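# Tertiary structure, described
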Amino acid sequence: MIVRASQLFLPTLRDDPADAEAASHKLLVRGGYVRQVSAGLWTYLPLGWRVHQKVVQIIREEMDAIGDQEMFAPVLTPAELWETSGRYDIPEVFKLEDRSGRRFVLPLSHEEAFTFHARELQSYKQLPQAWYHFQTKDRDEPRPKAGLLRVREFVMKDAYSFDRDEAGLDESFQKHGEAYARIFERCGLVFQRVQAESGLMGGSESEDFLAPAAAGENMLVTCENGDYAADMDVAQGVPRAPEFPPSLDAPEEIETPGANTIEKLAELLGIDDAATSKAMPVVKPDGVLVLALVRGDDRLSEDKMLSALGTDFRPATDDEIRAAFGASGGSLGPVGFKGEVVADEMLRTGQFVAGANRDGWHLRGVEAGRDYEARFADIRATKEDDACPVCGGKLRVHTAIELGHIFKLGTRYSVPLDATFLDEDGSEKPLVMGSYGIGPGRVIAAIVEQHHDANGIVWPAEVAPYDVHVVALQGAEEIALQAAEAYSADGLAVLLDDRVARPGEKFADADLIGAPIRITAGKKSLEDGKVDVRNRASGEETRLAVSELGKKA
RNA sequence: CGGGACGUAGCUCAGCCUGGUAGAGCGCCGCCUUUGGGAGGCGGAAGUCGCAGGUUCGAAUCCUGUCGUCCCGACCA
């Protein structure tokens, strides 16, 4: 196939768009791949849609390879299904009505619709089943960002598996995880498969596929030795051991004027900040105040705290703090606090400096169990330079893009939507479900984040919009066309730049667009019948006769 | 939803502080010249300065409101 640039809607831009910061955002807009319609709403222009279709095709092939069946469910979904599943009141759900007032939602994923169809599964003999589709998802995101990375409407490949039991689900889950790894490998991505936070809506277990990238929204923790990777929200790094001062038989009050941060406190007392504790009062939805306690050099992980409490929470207000402790933030501690204390595991042993619940005073020698009672849980956030829980190596933290997420849903949807089957023993059981999602648009953004240079995009071969970009310089149009035809005859997609433009402009656009191979036909070609073949990624260039071109070159 | 920034030509921006005939570069159209890394010349088209009020003889400029976009945070099946 040969496409002529002179006929193509390919609006490349010389300048970065003013509102872009992420590399993928800038380059996809500049390269004429996508355009923004409104916040979080994007049109794929011809080149962008070609890349999207390539990613879709890779996903389709790998899903089909594990036996998943492609189908297609509507976007518009009756509200009742969502009320039944309990997801109708999620703030991100777009809601609308038809002319007679019947209510609908625009799904943020299709669990309800697919579970609705799974009601037609009746016997264990039909199981397992796995179905998928590529369909538009709408989400009323509070803050779309970074071009294609977080949008309000996008195509998602979402798959749903239906098994008779947990063992079957484990198998389906594993199969999909392996297919996902193959998909991202074929897309040329560097990624990590990690345990993820299941979230309030999810089931029992979930895993993320994270691609390290400068513009990511997730935090990926990896070991320098490559034997540990986890999402920051659930990572269990091992912090260094504190240098404790000599132990005391009982806590001792000490005046610490102005020391309202851990930094100032450690400096004032001349101690290791890891030998202090930090108190953070939080309030549960029922109004009960709980004291979260972590080591002075640690930060509270809100996700872990959420799991430990089993409920949402918010920071306490200054008034609430004063009422409960008789002191202000900066001098708070667990000793004497009449309420629940959730302390990080790191505070289980040792004596720490803690706030005295008296402004300007602290206690040293505070020991859990002796001086206060606490429920222990892992509530500290893992941080850079923590030790790897597997090998003790150093942990590194990177920003990363969530490429895909696979969930064990269990019976989260089959029970409320009454999707059951008859098992071998004649008993009626709910289907055991998994769900598996990939956003091709986000995959594209991640590829660009990982594959670009100062001049533009450097597409991995399997997802490039065109395999070959032929630059026809003035006078060499005929030989350029021959070169294009040589590749096209081998089944490759060719972009032929036949525009009336100067060489520099064509080269710059070719670099920006990022096809793997660039062919240049110029006046030298008229003399020797050869063209320049340039590798976009390496910059290597060779001269070949037109007769030598094609897949082999 | 909290904090911040920005809305002027297709794009990137200046002008606003200190009110007085709307600007530049790139792009676009025509002609000429040039042609292996975003050339040059001449001529031309193109903006109700986001929108609505207000102040003023006069508002892109000052004030108020509102909408939009981006960034940080919260949120994120």
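Residues numbered from 1 in each chain as written. Chains lettered and ligands numbered in written order. Predicted model: local features only at pLDDT ≥ 70, side-chain atom pairs only at ≥ 80, totals over all residues. Heavy atoms only, no water.

### Examining the packing of aromatic side chains
Scanning the model with the defined rule gives 11 aromatic pairs in all. Ring geometry for Phe114 and Trp131: centres 6.5 Å apart, planes at 45 degrees, overall tilted. In this pair, Phe114 sits in helix H4 (residues 111–118) while Trp131 sits in strand E8 (residues 129–138), placing the two residues 17 residues apart along the sequence. You can call Phe114 buried: its relative accessible area is 0%. A ring pair is formed by Tyr180 and Phe184, whose centres lie 6.0 Å apart and whose planes are at 80 degrees; its orientation type is edge-to-face. You can see Tyr180 and its partner Phe184 sitting in helix H5 (residues 166–186), four residues apart, about one turn around the helix. What makes Tyr180 buried here is its relative accessible area of 0%. Between the NZ or CZ atom of Arg358 and the centre of the ring of Trp361, over which it lies, the distance is 3.9 Å. The aromatic ring of Tyr413 is capped on one face by Arg412, whose charged end is 4.4 Å from the ring centroid. (Phe/Tyr/Trp six-rings, centres within 6.5 Å; stacked < 30°, edge-to-face > 60°. Helix = DSSP H or I, 4+ residues; strand = E, 2+ residues; numbered from the N terminus. Buried < 20%, exposed > 50% of the residue type's maximum accessible area, 1.4 Å probe, protein only. Lys NZ or Arg CZ within 6 Å of the ring centre and 35° of its normal.)

### Remarks on helix H6 (residues 262–269)
Three or more residues of H6 are buried, namely Ile262, Leu265, Ala266 and Leu269. Seen from one end, H6 has its buried residues packed into an arc of 95 degrees, which puts them on one side. The exposed residues of H6 that point more than 90 degrees off its buried face are Glu263 and Glu267. Buried residues in H6 make contact with strand E14 (252–255), strand E15 (277–283), strand E19 (351–355) and strand E20 (361–367). Positive phi appears at Gly270, one or two residues downstream of H6, with a value of about 65 degrees. (Arc of directions from axis to C-beta. Contact = heavy atoms within 4.5 Å.)

### Considerations on the sheet that holds strand E28 (residues 468–472)
Read across the sheet, six strands follow the order E1-E29-E28-E30-E31-E32 without closing on themselves; strand pairing throughout is mixed. The sheet is open, and its two edges are formed by strand E1 (2–4) and strand E32 (541–545), each paired on a single side. Taken pair by pair, the neighbouring strands of this sheet meet at an average axis angle of 25 degrees, ignoring direction. As paired strands, E28 and strand E29 (residues 494–497) are joined by four bridges and run parallel to one another. Across the sheet, the residue bridging to Val471 is Asp497, located in E29. Strand contacts of helix H11 (residues 503–513): E28, E29 and strand E30 (517–521), with the helix running at about 175 degrees to E28, the strand carrying the most contacts. (Pairing = 2+ DSSP bridges. Axes fitted to C-alpha atoms, helices over the stretch in contact; angles between N-to-C directions.)

### Concerning the nonpolar core
Among the nonpolar cores identified, the biggest contains 62 residues, and Leu28, Tyr33, Tyr180, Phe184, Leu403, Val443 and Trp459 are the most heavily contacted of them. There are two domains that each give this core at least three residues, and those are domain 1 (26–213 + 400–449) and domain 3 (466–548). Leave out the neighbours within four places in its chain, and Tyr180 touches Met63, Lys157, Phe209, Gly404, His405, Ile406, Tyr436, Gly437 and Ile438. By size, the runner-up hydrophobic cluster in this structure holds 25 residues, among which are Tyr88, Leu121, Trp131 and Tyr160. (Core = buried A, V, L, I, M, F, W, Y, C linked by side-chain atoms within 4.5 Å. Domains from an automatic or database assignment.)

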